[in-house]
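Fold and geometry: a report
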Amino acid sequence: ALVIGGIALSTLSATVRRKHELVRAYEEVARSADQLATLSERRARALRGGLLLGARAAAWTSHDEAREGFERAFTALTTGQGGPYLRAELAQIERVERRLRPQEDRLRAMQAAGLTPAPILGALVRDVLPIRDELDEAVVAAVHSVEAEVAAIRAESERDDARALALLTATCLFAVLIIAVL
């Protein structure tokens, strides 16, 4: 009976540990998705900063760094734990990103060519901002999707913990009953 209780406790411990590791892994995916949202916003601010500060290369350094950071975070998210789960959301982000990049580059080229602010701002409003809005929506959808999955996994883990504890309690009571009968 004590052996059965020991086996049950060992199995329970391993199961609980694996579930908690899974929850932690998905929480890491959630942090990565949040980071992607932050980097997307930083990228948008840096684009505006580059447009405001002029055609000097230094004015665009922040934008280049933000765009590279966004790409690194996106790659990490697609290759990490959340890649398979977030396939649709990540594909949407990638499609929008492929449309946004050349539009950002076009604004930069317009500014470097010395165009007046009016056509540059017109292109920003007409061509870039709608795509930026799509990107923001796609990133927010990914963040919400991950948060919902983390909540579901956490709830499932708590239910499994409660079931395992009930099973362990029943096993221990059964073992005590057997010992009392003998």
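This write-up is about the structure you can find in this document. Small disclaimer: the values here were computed from a predicted structure and weren't measured.

1. A look at the overall build of the protein
Each helix and strand in the protein was counted, giving 4 helices and 0 strands. Sequence-ordered secondary structure for the protein, helices as α and strands as β, is α-α-α-α. Relative to the 2.2 N^0.38 estimate, which gives 16 Å for 182 residues, the radius of gyration of the protein is 26 Å and therefore markedly larger than a compact globule would have. Its C-alpha atoms put the protein at 95 × 25 × 20 Å along the principal axes. For the protein, restricting intrachain contacts to residue pairs at least 6 apart in sequence, the fraction spanning at least 24 positions comes to 78%.

2. Here's the deal with the packing of aromatic side chains
Under the defined criterion, the tally for this structure stands at 0 aromatic pairs. Its end group placed over the ring of Phe 70, Arg 43 keeps NZ or CZ at 5.3 Å from the ring centre.

3. Quick notes on the nonpolar core
Counting 35 residues, the largest nonpolar core has Leu 36, Ile 93 and Leu 107 as its most contacted members. Counting only elements with at least two residues in this core, the list comes to helix H1 (2–53), helix H2 (61–79), helix H3 (87–112) and helix H4 (117–181). If one sorts the elements of this core by residue count, H4 sits on top with 13 residues.

4. Some thoughts on the side chain of His 63
Tracing the backbone shows His 63 in helix H2. Given the relative accessible area of 1%, His 63 is considered buried. Within the structure, the side chain of His 63 is placed 3.5 Å from the side chain of Glu 104, a separation counted as a polar contact. Leaving out residues up to four positions away in the same chain, His 63 has contacts with Arg 43, Ala 46, Leu 47 and Glu 104.

Calculation notes
- Residues numbered from 1 in each chain as written.
- Predicted model: local features only at pLDDT ≥ 70, side-chain atom pairs only at ≥ 80, totals over all residues.
- Heavy atoms only, no water.
- Helix = DSSP H or I, 4+ residues; strand = E, 2+ residues; numbered from the N terminus.
- Rg over C-alpha atoms; globule rule 2.2 N^0.38 Å.
- Contact = heavy atoms within 4.5 Å.
- Phe/Tyr/Trp six-rings, centres within 6.5 Å; stacked < 30°, edge-to-face > 60°.
- Lys NZ or Arg CZ within 6 Å of the ring centre and 35° of its normal.
- Core = buried A, V, L, I, M, F, W, Y, C linked by side-chain atoms within 4.5 Å.
- Buried < 20%, exposed > 50% of the residue type's maximum accessible area, 1.4 Å probe, protein only.
- Polar contact = N/O pair within 3.5 Å; in protein donor to acceptor, adjacent residues only side chain to side chain.

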